[in-house]
Amino acid sequence: HDRVFFWSFNSDYVREMRCIAPTAHLMARRQDYDSLAQTLADYDPQIIEFTLPEGTDDFAATRTAGRKVMLATQKRDDETLSQLIKAAPDMVNIDAPFELARLIGKAHD
């Protein structure tokens, strides 16, 4: 239960999930709301997903609210993945896990 979260492009489904399973871990995308407060209030998600263009300004407030920060990118290049590492999210949503692992390994060498 602690290793799974739910999300859908259809927010009605996620709201229904909250009603059916009040303790389920839900994710909301910051880009879908006008403010962080609205993102946190809609269906009380435990995870807030950000993208690199949105920046990291809301990370501290997200964590203060007791939520996890997830950073998403579909890009696979070293520069983007290095920016992701530097941002230090709690979780990532990426298409390049092996490339990211390689860069993290380099940083620890």
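Since we're looking at a predicted model, the values are computed, not measured.

Caption draft 1: Inspection of the pattern of salt bridges at higher detail. The full count for this structure, using the stated rule, is eight salt bridges. Across the salt bridge formed by Asp 12 and Arg 15, the nearest N and O atoms sit 2.9 Å from each other. Of this pair, Asp 12 and Arg 15 are both found in helix α1 (residues 11-20), three residues apart, which corresponds to roughly one turn of the helix. Given the relative accessible area of 31%, Arg 15 is considered partly exposed. The salt bridge involving Arg 29 is made with Asp 32; its shortest N-O contact spans 2.9 Å. Each of Asp 12, Arg 15 and Asp 42 takes part in a single network of salt bridges with overlapping partners.

Caption draft 2: The packing of aromatic side chains, seen in detail. For the coordinates displayed, the defined rule picks out two aromatic pairs. When the centroid spacing of 4.5 Å and the interplanar angle of 70 degrees are considered together, the rings of Trp 7 and Phe 9 count as edge-to-face. Overall, Phe 9 belongs to the exposed group, its relative accessible area being 68%. With a centroid separation of 5.0 Å and an interplanar angle of 55 degrees, the aromatic rings of Phe 50 and Phe 59 are classed as tilted. What makes Phe 59 buried here is its relative accessible area of 4%.

Caption draft 3: Expanded view of the side chain of Thr 62. Mapped onto the elements of the fold, Thr 62 is located in helix α3 (residues 59-64). Here Asp 58 takes part through its backbone oxygen, which lies 2.7 Å from a polar atom of the side chain of Thr 62. The residues touching Thr 62, leaving out its near neighbours within four places in the chain, are Leu 36, Ile 48, Phe 50, Arg 67, Lys 68 and Val 69.

Caption draft 4: Structural context of unusual backbone geometry. The phi dihedral of Asp 44 falls on the positive side, at around 55 degrees, and the residue is not glycine. Mapped onto the fold, Asp 44 is located in the loop between α2 (36-43) and β2 (47-51). Of note, the phi angle at Ala 88 is positive, near 55 degrees, even though the residue is not glycine.

Caption draft 5: Quick look at the pairing of strand β3 (residues 68-73). With five of six residues buried, β3 lies mostly within the body of the structure. The pairing of β2 with β3 spans five bridges and is parallel. Each bridged residue has a counterpart across the sheet, and for Glu 49 the counterpart in β3 is Met 70. Read from β2 through α3 to β3, the crossover connection turns out right-handed. In terms of strand pairing, β3 meets strand β4 (residues 91-94) through four bridges, oriented parallel. Its bridge partner being in β4, Ala 72 is matched across the sheet by Asn 93. Considered for its hand, the β-α-β crossover made up of β3, helix α4 (residues 78-87) and β4 is right-handed.

The rules behind the values
- Residues numbered from 1 in each chain as written.
- Predicted model: local features only at pLDDT ≥ 70, side-chain atom pairs only at ≥ 80, totals over all residues.
- Heavy atoms only, no water.
- Salt bridge = Lys/Arg side-chain N within 4 Å of Asp/Glu carboxyl O.
- Helix = DSSP H or I, 4+ residues; strand = E, 2+ residues; numbered from the N terminus.
- Buried < 20%, exposed > 50% of the residue type's maximum accessible area, 1.4 Å probe, protein only.
- Phe/Tyr/Trp six-rings, centres within 6.5 Å; stacked < 30°, edge-to-face > 60°.
- Polar contact = N/O pair within 3.5 Å; in protein donor to acceptor, adjacent residues only side chain to side chain.
- Contact = heavy atoms within 4.5 Å.
- Pairing = 2+ DSSP bridges.
- Right-handed = clockwise from strand over helix to strand, strands pointing away.

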